[in-house]
Amino acid sequence: MRALKHVFAALALATTVAVASTTGGVANAAESGPRFAKDPTALVDTSIGNNGDGTTFPGAADPFGMVQLSPDTQLNSYASYDYSQNSILGFSMTHLSGVGCQTMGNFRFMPTTGAVTSSDPAQYGAKFSHANETSSPGYYGVTFDNGIKSELTATERTGQQRYTYPAGSGPENVLIEVGQSNGSTYAGDVHVAGDDTVEGWLQGGNFCGETGKERYRIFFSAKFNRTFSSYGTWTDDTLTQNQRDASRGSRRAGAWVTFDPSKGAQVGASVGLSYTSIDGARLNRAAEQPKSFDRARAAAHDSWQAELNRMRVAGGSTADQRTYYTALYHSLLDPAIGSDVDNRYRGFDDKVHKADSTYYQMFSLWDTYRSQNQLVDLLNPDRATDMAKSVLHIYQDGGWLPRWGLANSETNVMSGDPVTPWIVDIYNRGLLDGRTARQLFGALWKNANEVPADQSVFRGRDGNPSYVKNGWVAYQDLPGYLYGDSRQAGSATLEYSLADCSLSTMAKGLGYRDQAATLASRCDNFTKLWDPDVTSQGFTGFPVAKNADGSVAVTSDPTQTAPFHEGTAWQYQWLAQQDPQTLFGLMGGQAQAEQRLDTFFDMPTVLSDPAKAATDSWVTGAYDYHNNFAFNPNNEPDFSAPWMYTWTGSPWKTSAVLRAMRTLFTDTVYGMPGNDDLGATSSMLVFAMAGVFEAQPGSATDVISAPMFEKVEIRPEHGRTITIEAPGADASKLQYVSSVRTDKGALNRSWLSNEDLLRSGTIRINLSAEPTDWGVDAAPPALAQD
């Protein structure tokens, strides 16, 4: 071990991190060791992240459900719900968890009493107190200050609602807004059908500023358990009693239905959704209609209990477990089911098709390919296979692969080529049959080498012309586009290189030798951006964006300025996990690379005061992407950076950084440091606390670090149980791996292939309070192979 390690070791021995309160900690029996929670749903707090940074929502959903039914406290916001607000405008049927853009919030239902006099949610919204909210996986309830109690639960394709009105409050109403969602909508109709049903549709869009560039259709059919005493509809501000139909004007369209209070205080509604048609919404509602609200709530609870038990933990404080299980819950909300119960779905050609398995949508791939997709692959391999097939359907229907697919539309948001390592990871885990794998490879090969002729729908890898020719994406500011690989040429080149290198492993596995060689030759394209003359923070050599002629695109300070997407060269320099040693060679060797990492994380402070390093030395703001040279734990480009120590011969430092990062996540509303982005941030935390993580996207190789629980039990669907035992593990203390043993014997290397992980049985990880030599000479192999 280098002398530097001994210096840090002395600091580490006396270090204790105040991660979370242990008040009310999980009771353990001394004789039997730590116990698993009987019901992990009780440890989930759906309010975690319900602030301006996390942008999660507290409402009801099934795992990967089409319906994500939740309260809306404000319009034109990210998740439609912000904990700081004290009014609810209604309960909309669709949300996306943790996104950094306004979207969804379709079909908003709101109970009111008395005469209906306004279609403006600012007028009919109701005040509430968080003290009167109750939420758990699959359930949300709130009693407004006016006395109306609202309860929500869900099946995969339906939202179940129950409203209880206070006595003596007069007519009982439910208002349904169709024309105005959280984001803008472009058309929509509502129809009051008979005396107990309301149906409608809308054409939605607008995402991350790309106004008008994407569209999706969505339909609903709501059947109430009581007949209407009266009804009406509105267009904009005009309300018409006894009118059954309305279309969106310039802002709004909706309907209201009224119930006779003498017939009861409760009103229930079962609302089916579909992206195909009203008939599809009716079909979904009829097929999934529970016998009662309470049975639907119980079924949703059982579904979540089963999902959370796929990766359960024992030990640690109550705060540790609440933080962990809530992160696991948030990780399993998306991608969402997009097909009806008969597997019909609306494709990217806006036509209805039928799949041979469940079709999924909502692919936030730039965010999720680094963490969340791997968690789904591990725990739900059948779903992962169907998700890969869904992407194949997108290609077959629309002609290109998605980057950020919103329902049946491509938003073209973000940059790079995230779909490739995601698909390759599913392939390398053995989850694709030969025919599907070959078809997907053909789509990925096309994506890696060509550009869509009409970039108004799919832009694909718009940097391909210069990248395929020269090995780097030439910088170009594209007018009219907020996103585009040519605008983020520095980061896009690095993303392409990682994607192509991962795809070379798939080509090799399929026996495509020529394509494998071509793709492998791009593994080290990140080196073509390296400028040995750029100096920052005492280090020389950084990746810089280049023009088509090879000149530096930005000369003021190329390490701190765009074009690096939501980051800087300091943060993106580590995006070469496919070949770390070649990267380190550019940095002056392994020792120099480690010093650079130490500066990046402020390692002396990590070891003396981890919480201080996380809050004072690292990037703290959720949107502070630029003009920083420190670790950004709030955004995806840096997710793999803590594990880069695995290749410098100091894997113990990874464990130290992860303990420091853990301090940023708490079991409070403000307990998520950045946007969760459909479970991407939460999944990274789940793996960090469990002690395994795929640091090389697409590799199907898991790096081992010090677990933060004494026991982690992974129970993949259809697979053997994997038990990780780490006696004495404590998230509040700096701890390091001293030895690892599986059912096959001692493990001296710092990683396991996915195949070995699935067959490992019990993995016993012994921990030390000071750094050790475990795994220092056995890092995972590079993806870049001759």
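Description of the structure in this document. Computed from a predicted model, the values in this text were never measured in an experiment.

**Concerning the overall build of the protein**
- The helix and strand tally for the protein stands at 22 helices and 37 strands.
- Expected size for 786 residues packed as a compact globule is a radius of gyration near 28 Å; at 26 Å, the protein falls within 12% of this value.
- Over its C-alpha atoms, taken along the principal directions, the protein stretches across nearly 80 × 65 × 50 Å.
- Of all 786 residues assigned to the protein, the portion counted as buried reaches 64%.
- Within the protein, contacts between residues separated by at least 24 positions form 70% of all contacts whose residues are at least 6 apart in sequence.
- Carbon and sulfur atoms make up 46% of the accessible area of the protein, which totals about 24800 Å².
- Positive and negative side-chain charges in the protein, numbering 62 and 85 respectively, have mean positions lying 4 Å apart.

**Considering the pairing of strand 37 (residues 762-768)**
- Of the pairings in the sheet, the one linking strand 33 (residues 722-725) to strand 37 comprises three bridges and is parallel in character. Pairing of Ile724 across the sheet is with Ile763, part of strand 37.
- Summarising the sheet, strand 34 (residues 736-742) and strand 37 pair through five bridges and their orientation is antiparallel. Counted as the bridge partner of Tyr736 is Ser768 from strand 37.

**Some thoughts on the nonpolar core**
- One finds Phe109, Phe220, Phe224 and Met311 to be the most contacted residues of the largest nonpolar core, which totals 201 residues.
- It is helix 21 (residues 680-690) that provides the largest number of residues to this core, a total of eight residues.
- Those residues within four positions of Phe109 in sequence are excluded, and the remaining contacts are Gly90, Phe91, Met93, Gln161, Tyr163, Val174, Leu175, Ile176, Phe220, Ala222, Phe224 and Val271.

**Thoughts on empty space enclosed by the protein**
- Within the structure shown, the criterion is met by nine cavities of 30 Å³ or more.
- Within this model, the largest cavity holds a volume of roughly 90 Å³.
- As for the largest cavity, its lining consists of 14 residues, and the residues nearest its centre are Leu401, Pro402, Arg403, Asn447 and Gly460.
- Residues of the lining of the largest cavity, tallied by class, amount to five nonpolar, four polar and five charged.

**Digging into the packing of helix 10 (residues 434-449) against helix 12 (residues 489-510)**
- Between helix 10 and helix 12, the shortest axis-to-axis distance is 11 Å and the interhelical angle comes to 145 degrees. When you trace helix 10 past helix 12, the crossing you get is left-handed. On helix 12, the residues touching Ala437, Arg438, Phe441, Leu444, Trp445 and Ala448 of helix 10 are Asp500, Leu503, Met506, Ala507 and Leu510.

**Brief notes about the state of the cysteines**
- Considering all chains together, one arrives at one disulfide under this definition.
- The disulfide bridge from Cys501 ends at Cys523, spanning 2.1 Å between sulfur atoms. Here the disulfide of Cys501 and Cys523 is right-handed, its torsion about the S-S bond being about 90 degrees. Of this pair, Cys501 sits in helix 12 while Cys523 sits in the loop between helix 13 (513-520) and strand 28 (530-536), placing them 22 residues apart in sequence. When sorted by exposure, Cys501 lands in the same class as Cys523, which is buried.

**Notes on the sheet that holds strand 13 (residues 197-204)**
- The strand order across the open sheet built from nine strands is 7-8-9-10-19-14-13-12-17, with neighbouring strands paired in antiparallel fashion. At either margin of the open sheet sits one strand with a lone partner, and together these are strand 7 (133-136) and strand 17 (245-247). The sheet shows a mean angle of 10 degrees between the axes of neighbouring strands, taken without regard to direction.
- In this structure, strand 10 (residues 158-164) lies alongside strand 19 (residues 266-274), joined through seven bridges in antiparallel fashion. The partner of Gln160 across the bridge, within strand 19, is Ser270.
- Set on the sheet, helix 3 (residues 278-288) makes contact with strand 10, strand 13, strand 14 (216-224) and strand 19; between it and strand 19 the angle comes to about 125 degrees.

**Description of the packing of aromatic side chains**
- Enumeration according to the criterion identifies 37 aromatic pairs in this entry.
- Here the aromatic rings of Phe228 and Phe259 are separated by 5.7 Å at their centres, their planes lie at 70 degrees, and the arrangement is edge-to-face. Here Phe228 is found in the loop between strand 14 and strand 15 (230-235), whereas its partner Phe259 is found in strand 18 (residues 253-259), with 31 residues between them in sequence. Like Phe228, the residue Phe259 is buried in the burial classification.
- Clustering of aromatic rings is evident, with ring pairs tying together Phe539, Phe542, Trp570, Trp574, Phe600, Phe601, Trp618, Phe629, Phe631 and Tyr645.
- Here Arg370 stacks its cationic end above the ring of Trp366, 4.8 Å away from the centre of that ring.
- One Lys or Arg, Lys446, reaches over the ring of Trp400 and ends 4.5 Å from the middle of that ring.

**Side note on the layout of surface pockets**
- Roughly 420 Å³ of volume is contained in the largest pocket.
- Surrounding the largest pocket, 19 residues form its lining, Ser504, Thr505, Lys508, Leu783 and Gln785 being those nearest its centre.
- Mapped onto the lining of the largest pocket, the elements with two or more residues apiece are helix 12 and helix 13.
- When residues in the lining of the largest pocket are grouped by element, the largest group, four residues, is from helix 13.
- In terms of residue class, the lining of the largest pocket is made up of seven nonpolar, nine polar and three charged.

Cut-offs used in this document
- The numbering scheme is per chain: residues are counted from 1 as the chain's sequence reads.
- Residue-level local features of this predicted model are given only where pLDDT is at least 70; pairs of side-chain atoms are given and counted only at 80 or more, and the full residue set underlies all totals for whole chains, interfaces and linings.
- Note: side-chain values were computed over all heavy atoms of the structure, leaving out hydrogens and water.
- Only runs of H or I of at least four residues qualify as helices and only runs of E of at least two qualify as strands under DSSP, and these elements are numbered from the N terminus.
- Note on method: radius of gyration uses C-alpha positions; expected globular size equals 2.2 Å times residues raised to 0.38.
- Exposed residues in this analysis have more than 50% of their type's maximum accessible area, buried residues have under 20%, and partly exposed residues fall in between, with area computed by a 1.4 Å probe over protein chains only.
- In what follows, a contact means two residues having at least one pair of non-hydrogen atoms within 4.5 Å.
- Here, Shrake-Rupley sampling with a 1.4 Å probe gives the accessible areas, and only protein chains in the shown set may cover a residue.
- Counted as positive: Lys and Arg. Counted as negative: Asp and Glu, with His and the chain ends omitted from the count.
- By convention, charge coordinates are those of NZ in Lys, CZ in Arg, CG in Asp, or CD in Glu.
- DSSP-based pairing: two strands are paired if at least 2 bridges between them are found.
- Nonpolar core, defined: a set of buried Ala, Val, Leu, Ile, Met, Phe, Trp, Tyr and Cys residues in which side-chain atoms within 4.5 Å join the residues together.
- A pocket, in this scheme, is an open set of points on a 1 Å grid over the protein atoms alone with protein on both sides within 12 Å along at least 5 of 7 lines, while a cavity is a set where a 1.4 Å probe fits but cannot get out; residues line either one if an atom lies within 4 Å of a point.
- Grid points are joined across faces, edges and corners, and a volume is the space filled by probe spheres set on the points.
- Asp, Glu, Lys and Arg are counted as charged, while Ala, Val, Leu, Ile, Met, Phe, Trp, Tyr, Cys and Pro are counted as nonpolar; the rest, among them Gly, fall into the polar class.
- Throughout, an axis means a line fitted to C-alpha atoms (over the contacting stretch in the case of helices), and angles, computed between N-to-C directions, take values from 0 to 180 degrees.
- Put simply, a crossing is left-handed when the front helix is turned counterclockwise from the back one by less than a right angle, and right-handed when it is turned clockwise.
- Defined by distance alone, a disulfide is two cysteine sulfur atoms within 2.5 Å.
- Stacked, tilted and edge-to-face are the three classes assigned to paired rings of Phe, Tyr and Trp, where Trp is represented by its six-membered ring and a pair needs centres within 6.5 Å; plane angles under 30 degrees give stacked, over 60 edge-to-face, the rest tilted.
- For a lysine, the NZ atom is tested; for an arginine, the CZ atom; a charge sits over a ring if that atom is within 6 Å of the ring centre and within 35 degrees of the ring normal.

Taken by themselves, the reported measurements are silent on function.
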